[in-house]
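Summary of structural features
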Amino acid sequence: MDGAMWGTIGGIAGTVIGGLGGYLGARASYRAAVNEAQRRLYRRIFQWIVPLIILFVALTWLTSFGVLPHWISWVVMIAWLAPLAPAIFWMNRRLAELAAAPEPN
């Protein structure tokens, strides 16, 4: 096998391992939710973030295989990383608000 093939295998293996880590982390966070309101928020976030992740991975793979131009991978990375910190801060704040809110009867 040549270097390009090892790079492809590494990219696919890295995606699978990263995806597994993301799944396990999301599952642990969901299970650690202290109330149903937090679990509802997680479900809503997962409903739109999972398809977005699949789209970003597909675009990155298509770029790495030469199907799409290389600049698209930069657009994908910027589109993913630019809102990441604000999204994390928002999610942490929202989860804290929901944890402090009384449970409806």
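Residues numbered from 1 in each chain as written. Predicted model: local features only at pLDDT ≥ 70, side-chain atom pairs only at ≥ 80, totals over all residues. Heavy atoms only, no water.

Focus on the packing of aromatic side chains
- Overall, the coordinates contain three aromatic pairs when judged by the stated rule.
- Plain terms: the ring middles of Y30 and Y42 are 6.4 Å apart, the flat faces sit at 65° to each other, and that makes the pair edge-to-face. With Y30 in helix α1 (residues 3-31) and Y42 in helix α2 (residues 36-64), this pair connects stretches of sequence that are 12 residues apart.
- Through a chain of ring-to-ring contacts, the aromatic side chains of Y30, Y42 and F46 assemble into a single cluster. (Phe/Tyr/Trp six-rings, centres within 6.5 Å; stacked < 30°, edge-to-face > 60°. Helix = DSSP H or I, 4+ residues; strand = E, 2+ residues; numbered from the N terminus.)

Digging into helix α3 (residues 71-81)
- For α3, the complete set of buried residues consists of I72, S73 and V76. Buried positions in α3, seen along its axis, are confined to an arc of 100° and lie on one side of it. Summarising the geometry of α3, the exposed residues directed more than 90 degrees from the buried face are W71, W74, I78 and L81. (Buried < 20%, exposed > 50% of the residue type's maximum accessible area, 1.4 Å probe, protein only. Arc of directions from axis to C-beta.)

As for the pattern of salt bridges
- Overall, the coordinates contain four salt bridges when judged by the stated rule.
- When salt bridges that share partners are traced, they join E36, R39 and R43 into one network. (Salt bridge = Lys/Arg side-chain N within 4 Å of Asp/Glu carboxyl O.)

Section: the environment of T8
- Relative to the helices and strands, T8 is located in helix α1.
- Taking the relative accessible area as the measure of exposure, T8 reaches 28% and is therefore partly exposed.
- Placed 57 residues apart in sequence, T8 and F65 show a C-alpha to C-alpha distance of 8.3 Å.

The values are spatial; any link to function lies outside them.
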